[in-house]
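Residue strings, one per chain:
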Amino acid sequence: MSLDRQDVERIAHLARLAIDEADVPGYARNLSDILALVEQMNAVDTSAVEPLAHPMEASQRLRPDEVTETDQRELFQGIAPAVENGLYLVPKVIE
Amino acid sequence: MHRLTIAEVAGALRRREFSSEELTRALLARIRELDPELNAVITATEEEAMAQAAEADRRLASGEGGPLTGVPILHKDIFCTRGVRTSCGSRMLDNFIAPYDATVVEKLAAAGAVMLGKTNMDEFAMGSSNETSFYGPVKNPWDTDRVPGGSSGGSAAAVAARLAPAATGTDTGGSIRQPAALTGITGLKPTYGRVSRWGMIAFASSLDQGGPMTRTAEDAAIMLGAMAGFDPRDSTSIDRPVPDYTAALDQPLDGLRIGLPREYFGDGLDNDVAACIEGALEVYKRMGARVSEISLPNTHLAVPAYYVVAPAECSSNLSRYDGVRFGYRCQDPRDLEDLYKRSRGEGFGAEVKRRIMIGTYALSAGYYDAYYLKAQKIRRLIRDDFMRAFEEVDVIMGPTSPTVAFRLGEKTDDPVSMYLSDIYTIAVNLAGLPGMSIPAGFAHGLPVGLQIIGNLFDEARLLNVAHKFQQETDWHQQVPGGFE
Amino acid sequence: MDWEPVIGLEIHTQLATKSKIFSGASTAYGAPPNTQACAVDLGLPGVLPVLNAAAVDMAIKFGLAIEARIAPVSVFARKNYFYPDLPKGYQISQYELPIVEHGRVVIELEDGEEKVIGVTRAHLEEDAGKSLHEDFHGMTGIDLNRAGTPLLEIVSEPDLRSAREAVAYMKKIHSLVRYLEISDGNMQEGSFRCDANVSVRPRGSKEFGTRTEIKNVNSFRFIERAINYEIERQIEILEAGGQVVQETRLYDAARNETRSMRSKEEAMDYRYFPDPDLLPLEVTAEHIERVRATLPELPDAKRHRFMEEYGLSAYDAGVLTASRELADYYEEVARLCGEAKLAANWVMGELSGFLNKENRDIADSPVSAAMLAGMLKRILDETISGKIAKEVFEAMWNGEGDADTVIEKRGLKQITDTGAIEAIIDEVISANPRQVEQYRAGKEKLIGFFVGQVMKATGGKANPAQVNALLKKKLAG
């Protein structure tokens with residue numbers, strides 16, 4: 001699959017990445033090359049193969065329902081870009 | 001002092017030949033002096049290191065401590081270190097002071113290791129040359145015009161240049177083994193789940209695994225013993241006792257069955273690199289090992305499948321870097337959309353953006369089955385290849401990398417050619433297996449790595465096989481010129 | 001044209017765990033902002049989720065209660081989208097393989113008929129945080145205390161055919177989760193909220209019409225109004241020859257209307273994939289049996305038992321089993337006083353009336369089950385009449401003590417001394433000769449007048465049955 005400018009812009013938007021206008025053709029070329037590499041997978045028939053999501057194929061371990069965390073707001077918000085009254089601030093969200 | 005291995009340092013500290021404080025001070029000075037040429041260290045934690053060394057000396061004086069007590073090490077800057085910047089090689093986290101320690105950091109500190117600082121790396125561990133770092137490329141100490149490999153290139157270069165006897169690394173598609181090979185050191189990627197991922201900044205969660213980068217297999221055994229173990233904070237960590245990895249190092253290799261995948265010796269493999277591998281196999285034969293050819297027929301699909309699975313997971317893992325709660329935030333965002341797009345667009349470098357976009361595309365509506373699901377199926381085929389092979393052989397050997405270290409800038413414009421430099425390492429991650437790279441000679445004047453792949457949880461055997469080789473050879477003792 | 005609404009509900013109920021679904025942070029409501037958001041909830045670099053066992057047990061419990069299939073293997077996926085109250089940029093939720101599938105609940109319709117509503121699935125997921133839009137210099141504030149709170153999303157089949165049915169179904173699920181003690185069901189605090197998928201089609205048609213989704217309604221009354229509004233809106237569009245647009249709509253309670261959510265209009269591409277940080281969740285048969293053993297008696301079973309054991313009507317049994325607390329209260333009263341019917345009348349009558357009037361829960365009733373039973377015993381042993389009992393009940397409600405204390409203090413003990421009552425009857429008869437004459441001439445309904453006079457003279461304390469009998473005898477004489 002070869003990606004064009006519009007594809008790159010659509011994907012960049014979905015991933016919330018600002019891409020310079022001038023860089024779009026470069027990305028389109030690189031991403032198309034990578035997809036060409038990836039599409040070598042199509043040479044093999046996998047219709048009878050179960051997907052493997054995890055090398056271990058183990059099952060989920062469960063955690064007892066206990067409160068183990070304490071309030072560390074001050075520490076965590078010490079590295080935040082913008083906070084006020086304990087809240088993280090972002091530009092106005094329009095519903 | 002700086003040329004000693006962990007095992008030697010531990011003995012010297014115990015014999016009071018020098019103190020941990022003296023050694024730590026010497027290595028910090030060495031980093032200050034030599035690192036500007038290599039750019040292997042992003043942050044040196046001098047004060048913390050001296051405090052940890054002093055504490056280690058107290059414990060040693062009272063007869064306490066283990067093989068790592070007072071031993072200075074470096075951490076790849078992907079491991080969170082409380083109170084210390086943890087950048088992951090990215091502008092995005094240039095201002096990120098981690099509020100907690102990674103389990104690996106915690107465990108090594110508990111074992112008494114002294115943290116000298118944090119090493120340079122490809123941004124978010126995405127790269128095979130250490131050129132994608134926000135902090136600039138790392139140079140290979142064997143030839144500073146060449147790359148050290150990646151993504152754990154800073155750790156590899158630092159250990160090779162004797163800035164520290166050991167460093168931690170992480171390996172998602174070869175990021176410990178390939179730079180170890182390219183810098184002439186010993187690197188071990190453990191079985192998936194053997195080492196906790198808590199506090200290790202995620203690139204591709206189902207592939208990432210932390211491991212040691214050292215000069216010898218013996219040191220790797222000591223490091224892994226301290227790093228490995230079940231962690232209730234990581235659902236994918238395996239609840240299984242950690243053996244004493246040093247116990248079996250000297251087991252004879254009589255009758256060891258070594259498999260050589262014919263797919264690892266085909267087109268693209270440098271002839272001189274191949275000659276080194278053949279030389280190494282001769283050493284094993286002399287020690288009584290039996291070498292046979294095997295086949296891993298789906299090898300050629302590993303890189304394609306990997307470049308779906310890893311970017312897909314990374315595209316999601318890296319969504320949390322949005323400029324809201326930590327990390328880089330763009331100046332004066334116009335609105336929420338602008339905040340997201342510019343913080344991420346400016347905070348991430350080109351390779352990270354490429355991978356996020358590939359992953360986003362592979363997961364998007366209408367493409368999931370063709371890419372992600374297909375890759376997961378191929379992942380099973382690749383794993384099954386290995387499982388079949390391990391019914392016949394004990395370990396699999398081959399080159400770690402098809403070439404020696406390449407020149408800085410040589411592959412930066414061609415991501416696909418860069419990706420193919422991990423052609424022999426990537427399948428191991430897809431299968432979750434342990435793999436090592438050890439020095440096996442020189443080609444074109446540069447180090448060559450021998451890759452040893454083991455069955456699940458067979459780290460002790462890998463270390464034994466590597467250690468015996470290092471008893472017979474001195475490739476691992478070679479020091480790059482200018483760093484003696 | 002005759003239109004038939006087709007409705008399906010997605011109910012999000014917060015599970016009553018102590019800690020979050022993937023972290024050890026507290027789920028307690030009302031803490032200062034971000035004080036219960038730990039590193040995992042904030043999605044800081046390097047953190048990992050670990051699944052809460054209690055959340056899994058609660059989901060299984062619910063599944064068993066609706067006779068659903070409990071999946072031996074279910075999978076957590078990531079739903080990817082950017083929003084400031086979603087710290088990781090994805091929500092962990094079960095997608096292709098949920099833990100609960102193919103359940104059913106029975107709702108009672110107004111005509112007394114029962115209807116089975118299919119539950120397609122119920123799956124575990126994490127809640128998001130909250131955006132506070134008050135003015136922070138034109139900014140929005142984000143509180144992530146709620147982020148990571150466990151939710152069970154319960155998805156019905158499109159089996160509902162009216163807003164009334166939808167409400168009955170929602171109430172049934174609400175009662176069920178409270179019976180099971182897997183959720184406090186608190187709608188004000190957002191522990192129980194509902195999205196409704198609504199479409200209409202010509203009656204008799206097999207095809208579904210285009211549906212809209214009404215988001216996040218958190219009251220029974222509003223869901224009924226929102227659905228009714230939406231049904232009418234869609235019918236109007238269709239009858240005018242237009243087409244319903246598939247979209248997400250928000251219900252505005254103040255204006256009683258639904259309106260399009262512009263921000264959600266952009267086609268969402270959630271890029272679901274299995275969460276690589278979490279392994280597949282396996283639930284063994286033994287695990288299921290262990291949870292089954294903890295199941296309480298469920299509302300339907302309890303209702304049927306109440307009908308059989310206490311001889312209650314279907315309606316009364318339904319009212320008394322609407323909540324587990326009310327049912328427990330009732331059973332306690334019935335057991336202590338020994339008269340199930342009388343207990344039912346008082347619990348549904350006086351007690352419910354007072355609770356409603358003061359908008360209180362049964363749990364904070366000032367009259368305990370033991371107090372009410374104590375009073376009913378005084379009716380049964382004829383210490384007081386039913387009428388006086390109402391006065392006693394009100395006094396108990398107002399904190400004057402138990403029934404015996406109130407009766408004693410206010411002197412409400414019933415007069416049962418025949419001689420005393422006869423003396424009063426004699427006075428009444430001699431004071432009302434005209435009425436006596438009329439009565440004796442055949443106007444027998446005047447008996448009510450005489451009873452009234454006697455009761456008035458005794459301050460209501462005479463035993464009404466006794467008064468009646470004695471009066472009849474004297475008047476006949």
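Residues numbered from 1 in each chain as written. Chains lettered and ligands numbered in written order. Predicted model: local features only at pLDDT ≥ 70, side-chain atom pairs only at ≥ 80, totals over all residues. Heavy atoms only, no water.

1. Observations regarding the overall build of chain B
Then, in step 1: For chain B, the count of helices and strands is 15 helices and eleven strands.
Then, in step 2: At 21 Å, chain B has a C-alpha radius of gyration in line with the 23 Å of a compact globule built from 484 residues.
Then, in step 3: Considering only C-alpha atoms, chain B reaches an extent of 65 × 50 × 45 Å along its principal axes.
Then, in step 4: Counting over 484 residues, chain B shows a buried share of 69%.
Then, in step 5: Of all intrachain contacts in chain B linking residues separated by at least 6 positions in sequence, the fraction that spans at least 24 positions is 76%. (Helix = DSSP H or I, 4+ residues; strand = E, 2+ residues; numbered from the N terminus. Rg over C-alpha atoms; globule rule 2.2 N^0.38 Å. Buried < 20%, exposed > 50% of the residue type's maximum accessible area, 1.4 Å probe, protein only. Contact = heavy atoms within 4.5 Å.)

2. Concerning the environment of alanine 58 of chain A
Then, in step 1: Here alanine 58 of chain A is to be found in the loop between α2 (24-38) and β1 (62-63).
Then, in step 2: For the pair alanine 58 of chain A and alanine 43 of chain A, spaced 15 residues apart in sequence, the C-alpha separation works out to 30 Å.
Then, in step 3: Ignoring sequence-local partners within four residues, the contact set of alanine 58 of chain A consists of Leu279 and Pro280 of chain C.

3. As for the nonpolar core
Then, in step 1: Phe124, Tyr284, Phe386, Met397 and Ile452 of chain B are the most contacted members of the largest nonpolar core, which totals 203 residues.
Then, in step 2: Here phenylalanine 386 of chain B is in contact with Tyr264, Leu296, Ile396, Ala427, Val428, Ala431, Leu433 and Ile453 of chain B, once residues within four sequence places are set aside.
Then, in step 3: Tyr90, Ile107, Phe192 and Val291 of chain C belong to the second-largest nonpolar core, a separate cluster that totals 64 residues. (Core = buried A, V, L, I, M, F, W, Y, C linked by side-chain atoms within 4.5 Å.)

4. Digging into the pairing of strand β7 (residues 100-108) of chain C
Residue and element names in this part refer to chain C.
Then, in step 1: Strand direction decides the pairing type here: strand β3 (residues 69-70) and β7, joined by two bridges, are antiparallel. Looking at β7, one finds that arginine 69 is bridged to glutamate 101.
Then, in step 2: Here β7 pairs with strand β8 (residues 114-126) via eight bridges, running antiparallel. Following the sheet pairing, isoleucine 107 is matched in β8 by lysine 115.
Then, in step 3: Counting the residues between successive antiparallel strands, the hairpin from β7 to β8 contains five residues, one of them, glycine 112, with a positive phi of roughly 90 degrees. (Pairing = 2+ DSSP bridges.)

5. So, empty space enclosed by the protein
Residue and element names in this part refer to chain C.
Then, in step 1: If you walk through the whole model with that rule in mind, you get four cavities of 30 Å³ or more.
Then, in step 2: In this structure, the largest cavity spans a volume of roughly 150 Å³.
Then, in step 3: Looking at the largest cavity, it is lined by 20 residues, and the ones nearest its centre are Val40, Asp41, Lys88, Ile92 and Glu126.
Then, in step 4: For the lining of the largest cavity, the secondary-structure elements that each account for two or more residues are α1 (39-42) and β6 (90-94).
Then, in step 5: For the lining of the largest cavity, the class distribution of residues is eleven nonpolar, two polar and seven charged. (1 Å grid on protein atoms, 1.4 Å probe; cavity = no way out; pocket = protein on both sides within 12 Å on 5 of 7 lines; lining within 4 Å. Points joined across faces, edges and corners; volume = space filled by probe spheres on them. Nonpolar A, V, L, I, M, F, W, Y, C, P; charged D, E, K, R; others polar.)

6. So, helix α12 (residues 403-410) of chain C
All names here are of chain C.
Then, in step 1: Residues Ala403, Val406 and Ile407 constitute the buried set of α12. Projection of α12 onto a plane perpendicular to its axis shows the buried side chains occupying an angular sector of 95 degrees, all on one side. In α12, the exposed positions that point more than 90 degrees away from the buried face belong to Glu408 and Lys409.
Then, in step 2: Lining the buried residues of α12 we find α10 (369-380) and α11 (386-397).
Then, in step 3: A positive backbone phi angle near 60 degrees is found at glycine 411, which sits one or two residues after α12. (Arc of directions from axis to C-beta.)

7. Thoughts on the interface of chain C and chain A
Then, in step 1: With 51 residues of chain C in contact, the opposing surface of chain A contributes 33 residues.
Then, in step 2: At the boundary of chain C and chain A, one finds 19 residue pairs in polar contact (both at pLDDT 80 or more).
Then, in step 3: Of all the elements in the fold, those that place two or more residues in the side of chain C that touches chain A are α1, β2 (51-52), α2 (53-65), β9 (130-136), β10 (139-143) and β17 (281-282) of chain C.
Then, in step 4: Sheet topology places β1 of chain A next to β2 of chain C; two bridges connect them, and they run parallel. Its bridge partner lying in β2 of chain C, leucine 62 of chain A is registered against leucine 51 of chain C. (Polar contact = N/O pair within 3.5 Å; in protein donor to acceptor, adjacent residues only side chain to side chain.)

8. Considering the packing of α2 of chain C against helix α5 (residues 285-292) of chain C
Residue and element names in this part refer to chain C.
Then, in step 1: Here α2 crosses α5 at 75 degrees, and the two axes come no closer than 9 Å. Classed by the angle they form, the pair α2 and α5 counts as roughly perpendicular. In contact with Val56, Asp57, Ile60, Lys61 and Leu64 of α2, α5 contributes His287, Ile288, Val291 and Arg292.
Then, in step 2: Class assignment of the residues belonging to the contact of α2 with α5 gives a composition of five nonpolar, one polar and three charged. (Axes fitted to C-alpha atoms, helices over the stretch in contact; angles between N-to-C directions. Parallel < 35°, antiparallel > 145°, perpendicular 65-115°, else oblique.)

9. Observations concerning the sheet that holds strand β8 (residues 290-294) of chain B
Residue and element names in this part refer to chain B.
Then, in step 1: Read across the open sheet, the eleven strands follow the order β1-β3-β2-β4-β6-β5-β10-β11-β9-β7-β8; overall the sheet is mixed. Only two strands of the sheet have a single neighbouring strand rather than two, namely β1 (41-44) and β8. Pairwise comparison of adjacent strand axes, ignoring direction, gives a mean angle of 30 degrees for this sheet.
Then, in step 2: Where β1 lies against strand β3 (residues 114-119), three bridges are found, and the strand directions are antiparallel. The residue of β3 that forms the bridge with alanine 44 is glycine 117.
Then, in step 3: Packed on one face of the sheet, helix α7 (residues 217-227) meets β2 (72-76), β4 (166-171), β5 (186-189), β6 (209-214) and β10 (435-443) and runs near 145 degrees to β6.

10. Digging into the pairing of strand β9 (residues 395-399) of chain B
Residues and elements named next belong to chain B.
Then, in step 1: With respect to burial, β9 is a largely interior element, five of its five residues being buried.
Then, in step 2: Of the pairings in the sheet, the one linking strand β7 (residues 257-261) to β9 comprises two bridges and is parallel in character. Counted as the bridge partner of isoleucine 258 is valine 395 from β9.

11. Overview of the packing of aromatic side chains
Then, in step 1: In the structure shown here, the tally under the stated rule is 33 aromatic pairs over all chains.
Then, in step 2: Here phenylalanine 134 of chain B and tyrosine 135 of chain B contribute two aromatic rings whose centre-to-centre distance is 5.1 Å and whose plane-to-plane angle is 75 degrees, an arrangement assigned as edge-to-face.
Then, in step 3: On the numbers, 6.2 Å between centres and 90 degrees between planes, the contact of tyrosine 439 of chain C with phenylalanine 450 of chain C is edge-to-face. Of the two residues, tyrosine 439 of chain C is situated in helix α14 (residues 433-440) and phenylalanine 450 of chain C in helix α15 (residues 447-457); the sequence distance between them amounts to eleven residues. You'll find tyrosine 439 of chain C and phenylalanine 450 of chain C in the same group, each marked buried.
Then, in step 4: The aromatic ring of phenylalanine 220 of chain C is capped on one face by lysine 171 of chain C, whose charged end is 5.5 Å from the ring centroid. (Phe/Tyr/Trp six-rings, centres within 6.5 Å; stacked < 30°, edge-to-face > 60°. Lys NZ or Arg CZ within 6 Å of the ring centre and 35° of its normal.)

12. Remarks on the domain arrangement of chain C
Then, in step 1: Domain annotation of chain C identifies domain 1 (3-290), domain 2 (299-410) and domain 3 (418-476).
Then, in step 2: The C-alpha-based centres of domain 2 of chain C and domain 3 of chain C are spaced at 32 Å. (Domains from an automatic or database assignment.)

13. Focus: the interface of chain B and chain A
Then, in step 1: Across the boundary between the two partners, chain B contributes 71 residues, which contact 51 residues of chain A.
Then, in step 2: Buried area between chain B and chain A, both sides added, is near 5,300 Å², and the carbon and sulfur share of it is 70%.
Then, in step 3: On inspection of chain B and its partner chain A, the count reaches one salt bridge.
Then, in step 4: Note that arginine 16 of chain A and glutamate 337 of chain B form a salt bridge whose closest N and O atoms lie 3.7 Å from each other.
Then, in step 5: One can count 17 residue pairs in polar contact (both at pLDDT 80 or more) joining chain B with chain A.
Then, in step 6: For the side of chain B that touches chain A, the secondary structure elements donating two or more residues are α9 (302-317), α10 (336-347), α11 (350-363), α12 (369-389), α13 (415-419) and α14 (426-431) of chain B.
Then, in step 7: Among the elements that take part in the side of chain B that touches chain A, α12 of chain B stands out by supplying twelve residues, more than any other.
Then, in step 8: Residues of the side of chain B that touches chain A, tallied by class, amount to 40 nonpolar, 13 polar and 18 charged. (Buried area = accessible area lost by both parts, 1.4 Å probe. Salt bridge = Lys/Arg side-chain N within 4 Å of Asp/Glu carboxyl O.)

14. Concerning the pattern of salt bridges
Residues and elements named next belong to chain C.
Then, in step 1: For the structure shown, the criterion picks out 68 salt bridges over all chains.
Then, in step 2: The partner of lysine 215 in a salt bridge is aspartate 195, and the shortest N-O contact between them spans 3.3 Å. Taken as a pair, lysine 215 in strand β13 (residues 212-217) and aspartate 195 in strand β12 (residues 192-202) lie far apart in primary sequence, 20 residues in all.
Then, in step 3: Residue classification places aspartate 195 among the buried positions, given a relative accessible area of 3%.
Then, in step 4: Within this structure, Glu297, Lys302, Arg305, Glu309, Asp328 and Glu331 form a network of salt bridges that share partners.

15. A look at the state of the cysteines
Then, in step 1: Scanning all chains against the criterion turns up zero disulfides over all chains.
Then, in step 2: Residue cysteine 38 of chain C stays outside any disulfide, its sulfur separated by 14 Å from that of cysteine 80 of chain B, the closest cysteine. (Disulfide = S-S within 2.5 Å.)

16. Remarks on the side chain of glutamate 4 of chain C
Residues and elements named next belong to chain C.
Then, in step 1: The residue glutamate 4 is located in strand β1 (residues 3-14) in this model.
Then, in step 2: Classification of glutamate 4 by relative accessible area gives buried; the value is 13%.
Then, in step 3: Reaching out from glutamate 4, the side chain makes a polar contact with the side chain of arginine 161 at a distance of 3.5 Å.
Then, in step 4: Those residues in contact with glutamate 4 that lie beyond four places of it in its chain are Arg161, Ser199, Val200, Arg201 and Arg203.

17. Some remarks on unusual backbone geometry
Then, in step 1: At the junction of glycine 150 of chain B and serine 151 of chain B, the peptide bond is cis and its omega measures out at 5 degrees in the coordinates.
Then, in step 2: A positive phi angle, close to 55 degrees, is found at asparagine 216 of chain C, a residue other than glycine.
Then, in step 3: Its location among the elements puts asparagine 216 of chain C in strand β13.
Then, in step 4: Overall, asparagine 216 of chain C belongs to the partly exposed group, its relative accessible area being 48%.

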